[in-house]
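# Coordinate inspection notes
What follows is the residue order along each chain.
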Amino acid sequence: MTTRMTGVRSVLGVSPTEPDCFRTVGDAISAARDGDVIAVRPGVYPESIVLDRDVTLSGSGSPGEVRIEAAGAPVLRVTVEHVEVSGIEFAHSGGEVAVDLRSGVLNLDECVVAADSEVAVVARRGGVFRAGATTVRNPGGAGVLVFDGAKAELTGCTFTSVGTTAVVARSGGTPTMVDCVVAEAKGAVLAADGGRGELRRCRITDISGTAIVVEESSELTVTDTDLSTVDGVGVLSAGGSRPVLRDCRITDTTAQAIVVVQNASVELDRVTVDGARGHAVQVLDGSTADLTDCVVTGAAHDAVVAGADGVIRMAGCEITGGVGHGVLAERQARITVRDTRVVGAGAAGVLARDQTRLEVDGGEVRECQSGVVWRGQAGGSITGCAVRDNLGDGIAVLSEEDVQVTDCVAERNLGDDTRLPGGTRSALTADESTVDTKPPAGDADELEDLLAELSELVGLDGVKREVETLVRLHQMSERRAQAGLPSPPLSRHLVFTGAPGTGKTTVARLYGRILTALGVLRSGQLVEVARPDLVASVVGGTAIKTTEMFTKAIGGVLFIDEAYTLSAGNNGGGGPDFGREAIDTLVKLMEDHRDEVVVIVAGYTNDMRSFLAANPGLSSRFSRTIEFADYSSAELVTIVEGLCRGHDYRLEFETRAALHTYFTNLPRDAAFGNGRTARKVFEEMLGRQAYRLADDPDAGHVALTRLLPDDLGPLPGSSVGAGAGRVDEERIEQLLSTLRGLVGLDEVKAEVSDMVDLLASARRRQAMGLPAPSVSRHLIFAGPPGTGKTTVARLYGSLLAALGVLAQGQVTEVARADLVGEYVGHTARRTTEAFDRARGGVLFIDEAYTLSSSRGSGHDFGREAIDTLVKLMEDHRDEVVVIAAGYEREMGGFLAANPGLSSRFSHRVRFADYTPDELVTIVNQHATTAGYECTGPTVAALRTHFAKMRRGESFGNGRYARQILDEAIAHHARRTRSLTDPTMDDLCLLLPQDVPPPPRPEPTA
């Protein structure tokens, strides 16, 4: 191989076709010395490169003409002190890292990193990653991860189509971004765990989550940068972090523009926020924000908000327009406003309420709904401020605390210019509703009709008695009031407990109308919500959503279904608990509007106890609980009869008896839906009747309306496979025949056949009314790679479906990367998503032992996946079969990782290495499928190859056999290429010389 000398440096050429060039980049690197230049000609190079010497790697031609691609292992790994790379596109998929900088300095100039991996570029252990005019794409994960004291210097780079966050700084990592663009990503920058970073003159747009996150005592400086079109929060500072924003512009965020929580701080200098659909700036949890010369326009909520011990200091700022308050201090917050203008706010220009402190010094508040207002126990002062042209009061001190008003100008306000304690009130302030909230007088006839409608509901005797008791209490309270007696304390808010389908929503709707007829509520409408309607994915967004739904229910009933999910910590395990934020907001709204809304919370009995314990104010507000019991078999039959009457069908006497028996024997597990189950049975009966009468053209009116016992389907299984399909004996035999036809695997075939027989016996015993043995269908597949574990898993899933144990029997294949996430809580979500995809079939976890082997310091996300898996296997024991596969020895460590694994995986199927004869059979089978034939001598050569092959732990068995066949076919192609008139035998016969020799064993030291 020739090289060209340039001074003291050699230039090594790489080309897939040109003469006097290396064919692979790796070969050129192996031949290079420190300081050499490797010139890569246009082409695609499928290889994984390790740069272990100080060289320059340069791509020729136009951008994208030189492409190096790899799957699994990194496409580029750097382990040397300094390398330069330019003009090359690196493509990677199916692994953790595309470009891995383990040490030293890596310079990427005018390159492209096109990954579909967990991370596109990783810089670690003090390494320095420099990139200029480089594009990073990674729909499968993050862009650049800088940690362990590493640095990244990114200039003129573009990040696009990034699945998670474009640039991540962790554990002392320090990225610097200058003139960069981040577009179409879930997040732009994340600094965590002591990360540091800097952004200058960057543009961030089209972000589907929080754009910039600074948490866990991290720091970030952002200068002259644009954030726009963010579907979430613009900037989040949390966990004692200290970001600084100067001369930045934030526009069009669907949630808050800037949020500061968990004792963090933020410094905002000459920052413009426009069109935030949440708050422009929100400060909570003992955090601090300093705003200097900032501009806020068009906020769709309160513009600048401090709550829960938050502190805001503003100087020289301007707030224009917006739907809510201009500046709001609530709970125990403190706000100082100096030389600031608030113009045209939809509510109060500046408002302090609860136990806050607000100090206003100079500035102007004008053309707002009201000017500057103190309420509750808020205190503070206002000095030298001009408050004019507001639609309500100018300066209003409606607080129990002292507020100093000094040297202010208050004029041309439509309410009182100045309202101080003891003064007159000539107009309502913006925070006092002008809507008539007095409920209408009661309607006795309507009340009687509604109570009759309640009485006609099937069952629910205890519920009816409780509601009627509440009605009489309200009536008695009215009579005592008319007699001049004090009214007894009445809490109208209710807890509905019980299983689903027991009529909770129906009764809630009636209750709202009953309270309207009593004159307690104004309109009585029912607003039905669940956790997704109240809880947002960003800090502060939950309060907004909860308030919006509560406002819709004013005058009626707010019905919260499965309310216990708000207190169950369903936030993925990390970050603030947004469900509890909804509870806290709800408690405050119930107090503020105690006479305008009735709240009913519903859910399972035990879970609702946990819900009521989530906030001290809940128990006092929900003092009455109504238990909805499951319907009895007779009541379920009555529900079906009602459905029949409503749709012009009728039940024969024997059908009614069969239906009663059906409901008596129906398993009342987690899938049982009470009234919903009754409706489902009714609809299934209609379908079977239609099928029965389809071939009878003479069926008359009587036949079309009669439902017979034959129209009632079989009971679903419970212990063996709830809700699965019927048994297909012919399909079972076909699948067992396919299993028996596999090469080798005698022990595997016996184990799986025994398992099938056991499950079939359990189904037959269950059908005869006998107790079915407890059968664990989950399996361990233990053995080396390439021994058919995935193939047998697919057959096993199909067998379970044919047995009626599983609904579909599909196999969902996953590995560690599909289950384990990047941060606390992410793993639980990934594992749950994978488990949900396997519903009705088999979840096949390859190399499952990797979940129990810790991969470095910090939180063990693999064990988090195991813990989540164990719970899901218990919660959905009849819906999913789990098969965990891996090496025999390592799978013992997997089973020991969680006490619940051994009991759930009670069957272990061992896969042995293939013998040489079995490997020859595999080659013959695949050769026949591909249209080739092995002669007798060829079979002998194959047997010799496999007998002499040294088998290490990574020996691929069947995969290795297929690899040998591929090589033999390639040798055959080269051998027959020169034949001018080949015969059919020439094209089909594989000869002994086509069989590659076994690799030589590596010499021992």
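As a starting point, this report considers the structure included with it.

## A short note on unusual backbone geometry
Phi angles above zero are rare outside glycine, and Ser171 is one such case at about 40°. For Ser171, the location among the structural elements is in the loop between strand S19 (158-170) and strand S20 (174-178). Residue classification places Ser171 among the partly exposed positions, given a relative accessible area of 30%. Look at Gln262: it is not a glycine, yet its phi comes out positive at around 55°. Residue position: Gln262 is located in the loop between strand S30 (258-260) and strand S31 (265-269).

## Notes on the packing of aromatic side chains
The relative placement of two aromatic rings is captured by the distance of their centres and the angle of their planes. Summed over the entire model, instances satisfying the criterion amount to five aromatic pairs. For the ring pair Phe781 and Phe911, a centre distance of 4.9 Å and an interplane angle of 50° mean the geometry is tilted. Here Phe911 lies in the loop between strand S63 (907-910) and helix H22 (916-929) and Phe781 lies in strand S59 (residues 779-782), a separation of 130 residues in the sequence. By relative accessible area, Phe781 is classed as buried at 0%. When its relative accessible area of 4% is taken as the criterion, Phe911 is described as buried. Ring centres of Tyr849 and Tyr887 lie 5.9 Å apart, and the angle between their planes is 45°; this geometry places the pair in the tilted category. Placement of the pair is Tyr849 in the loop between strand S61 (842-845) and helix H19 (861-875) and Tyr887 in the loop between strand S62 (881-886) and helix H20 (888-895), with a sequence separation of 38 residues. Accessibility expressed as a relative area gives 13% for Tyr849, which makes it buried.

## Remarks on helix H6 (residues 541-552)
End to end, H6 covers 17 Å across 12 residues, agreeing with the expected 16 Å (1.5 Å per residue, within 8%). Turning to H6, its buried residues are Gly541, Thr542, Ile544, Thr546, Met549 and Phe550.

## Concerning the pairing of strand S12 (residues 105-109)
Burial within S12 is extensive, with four of its five residues counted as buried. In terms of strand pairing, strand S9 (residues 82-86) meets S12 through five bridges, oriented parallel. What sits directly across from Val85, in S12, is Leu108.

## A closer look at the environment of Arg794
The topology assignment puts Arg794 in helix H16 (residues 789-802). For the pair Arg794 and Gly809, spaced 15 residues apart in sequence, the C-alpha separation works out to 8.1 Å.

## Focus: the pairing of strand S28 (residues 242-246)
Regular strands show a simple pattern: their side chains alternate between the two faces of the sheet. As defined by bridge partners, strand S25 (residues 219-223) adjoins S28 across five bridges and the pair is classed as parallel. Its bridge partner being in S28, Thr221 is matched across the sheet by Val244. Relative to S31, S28 runs parallel, the two sharing three bridges. Paired with Val244 across the two strands is Glu267, which belongs to S31.

## Thoughts on the nonpolar core
Membership of the largest hydrophobic core comes to 117 residues, with the highest contact counts inside it found for Phe129 and Phe159. By residue number, the principal contributor to this core is strand S21 (residues 181-192), which donates five residues. Within the second largest apolar cluster, 50 residues are counted, among which are Met755, Val792, Leu919 and Val995.

## Details of the packing of H22 against helix H23 (residues 936-948)
Taken N-terminus to C-terminus, the directions of H22 and H23 make an angle of 130°; their axes are 9 Å apart at the nearest point. Our classification of the angle between H22 and H23 gives oblique. Of the two elements, H22 crosses H23, and the hand of that crossing is right-handed. Here H22 contributes Pro916, Asp917, Leu919, Val920, Val923 and Asn924 to the contact with H23, which in turn contributes Val939, Leu942, Arg943, Phe946 and Ala947. In terms of residue class, the contact of H22 with H23 is built from eight nonpolar, one polar and two charged.

## With respect to the sheet that holds S62
Pairing between sheet strands relies on hydrogen bonds along the backbone, with the strands arranged either parallel or antiparallel. Taken in spatial order, the five strands of this open sheet run S60-S61-S62-S59-S63, and their pairing is parallel. A strand with exactly one partner marks an edge of an open sheet, and here the two such strands are strand S60 (811-814) and S63. Sheet twist, expressed as the average angle between the axes of neighbouring strands with direction ignored, equals 20°. Where S61 and S62 come together, four bridges link them in parallel fashion. Within S62, the position partnered with Ile845 by the bridge is Ala884. In this fold H16 packs onto S59, S60, S61 and S62, with an angle of close to 170° to the strand it touches most, S62. Each of S59, S62 and S63 is contacted by H20, which is oriented at about 130° to S62, the strand it contacts most.

Scoring rules and cut-offs
Residues numbered from 1 in each chain as written. Predicted model: local features only at pLDDT ≥ 70, side-chain atom pairs only at ≥ 80, totals over all residues. Heavy atoms only, no water. Helix = DSSP H or I, 4+ residues; strand = E, 2+ residues; numbered from the N terminus. Buried < 20%, exposed > 50% of the residue type's maximum accessible area, 1.4 Å probe, protein only. Phe/Tyr/Trp six-rings, centres within 6.5 Å; stacked < 30°, edge-to-face > 60°. Expected span 1.5 Å × (residues − 1). Pairing = 2+ DSSP bridges. Core = buried A, V, L, I, M, F, W, Y, C linked by side-chain atoms within 4.5 Å. Axes fitted to C-alpha atoms, helices over the stretch in contact; angles between N-to-C directions. Parallel < 35°, antiparallel > 145°, perpendicular 65-115°, else oblique. Left-handed = near helix turned anticlockwise from the far one by under 90°. Contact = heavy atoms within 4.5 Å. Nonpolar A, V, L, I, M, F, W, Y, C, P; charged D, E, K, R; others polar.

These figures come from the coordinates and say nothing about function on their own.
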